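Spelled out, the chains give:
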Amino acid sequence: MSAARENTRRPLPPLPEPRSSWALFLDVDGTLAGFRDDPDDVRVPASLKATLAALHAVSGGAVALVSGRHLRDLDRLLGPPLVAASGLHGLQRRRADGSRDDIAPASDQADILHRHVDALAARMPRLGVEDKGVCMTLHYRATPALEQAVTDAARAISDQLDGYETQPGNCSIDIKPAGIDKGRAVTAFADESPFAGRTPVYVGDDLTDEHAFAAVNVRAGISIRVGDREPTQARFGLRDPRAVEAWLLDVLKHLRT
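Read on for a plain summary of the structure. All of these numbers come straight from a predicted model, not from anything done at the bench. (Residues numbered from 1 in each chain as written. Predicted model: local features only at pLDDT ≥ 70, side-chain atom pairs only at ≥ 80, totals over all residues. Heavy atoms only, no water.)

Overall, antiparallel pairing links the 4 strands, which are arranged S5-S6-S8-S7 in an open sheet. Strands at the two margins of the open sheet, each flanked by one partner only, are strand S5 (128-131) and strand S7 (164-169). Sheet twist, expressed as the mean angle between neighbouring strand axes with direction ignored, is 20 degrees. Taken together, the 4 bridges between S5 and strand S6 (residues 136-139) define a ladder with antiparallel strand orientation. Its bridge partner lying in S6, Asp 131 is registered against Met 136. Each of S5, S6, S7 and strand S8 (172-177) is contacted by helix H3 (residues 107-123), which is oriented at about 15 degrees to S6, the strand it contacts most. (Pairing = 2+ DSSP bridges. Helix = DSSP H or I, 4+ residues; strand = E, 2+ residues; numbered from the N terminus. Axes fitted to C-alpha atoms, helices over the stretch in contact; angles between N-to-C directions. Contact = heavy atoms within 4.5 Å.)

This is the structure we're talking about:
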């Protein structure tokens, strides 16, 4: 067993059998790429981009990114041929044919959200703020001691907004429209071409990925948690983004046989 692929909390994920038909759904931060204090500093290795492009080709386009990032960020990081993608935890969804199925919350609530977060940032100058338009992500990776204060503040802001909720993440918390999650995005993709009829495979690392793990488990798919976070609904595990890249390359080799 390769040391890069060791995981003591979950069994290693399987590899496709000959003539398997898989649909790959992939989180980005913490899964395909490591975290950075500033999300804009994240980079995806060229070798992984090449593997993803090859997987897209061999699977007939059945590879989708599912992320809390904005679609424009996903395009900047990975770009074509990965057209199918969901951003902002499911608020944005671009199908494999390039058409969009976005959800637009009330703009006045987003304006109120921005005002509250601006005021919070003024009181917490070390807080990282990621502006996603109708969503906001508050980061405290550089200052872990702020976790409780940031979490409490985010919940207080959410409570003042109509139809919003908080979503804890890895050293972050999102304030986002309620009832939208990655699991709904994966389910919508799984019912469409080129994903329909394939075994769904989801790889993610964060609390925000738990809805997606549940969605693929219901469809007898393969759910893979990156890292050692527990508890999780994922049935398999990989240690880190490097292990994910190695496993995806193995998947590609098996799908080509």
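Moving on, we get to the packing of helix H1 (residues 46-58) against helix H7 (residues 241-255). Relative to each other, H1 and H7 sit at 30 degrees, their axes nearing to 10 Å. Considering the relative orientation of H1 and H7, their crossing is left-handed. Residues Ser 47, Leu 48, Thr 51, Leu 52, Ala 54, Leu 55 and Val 58 of H1 pack against Glu 245, Leu 248, Leu 249, Val 251, Leu 252 and Leu 255 of H7. Split into classes, the residues belonging to the contact of H1 with H7 amount to 10 nonpolar, 2 polar and 1 charged. (Left-handed = near helix turned anticlockwise from the far one by under 90°. Nonpolar A, V, L, I, M, F, W, Y, C, P; charged D, E, K, R; others polar.)

This next bit is on the nonpolar core. Among the nonpolar cores identified, the biggest contains 33 residues, and Leu 32, Leu 52, Leu 55, Leu 65, Leu 78, Trp 247 and Leu 248 are the most heavily contacted of them. For this core, the secondary structure elements donating two or more residues are strand S1 (22-26), H1, strand S2 (63-66), helix H2 (71-77), strand S9 (199-204), strand S10 (222-226) and H7. Of the residues forming this core, the biggest block, 7 residues, is contributed by H7. Non-local contacts of Leu 32, meaning those with residues more than four positions away in its chain, are made with Leu 26, Asp 27, Pro 45, Leu 48, Leu 52, Leu 65, Leu 78, Pro 241, Val 244 and Leu 248. (Core = buried A, V, L, I, M, F, W, Y, C linked by side-chain atoms within 4.5 Å. Buried < 20%, exposed > 50% of the residue type's maximum accessible area, 1.4 Å probe, protein only.)

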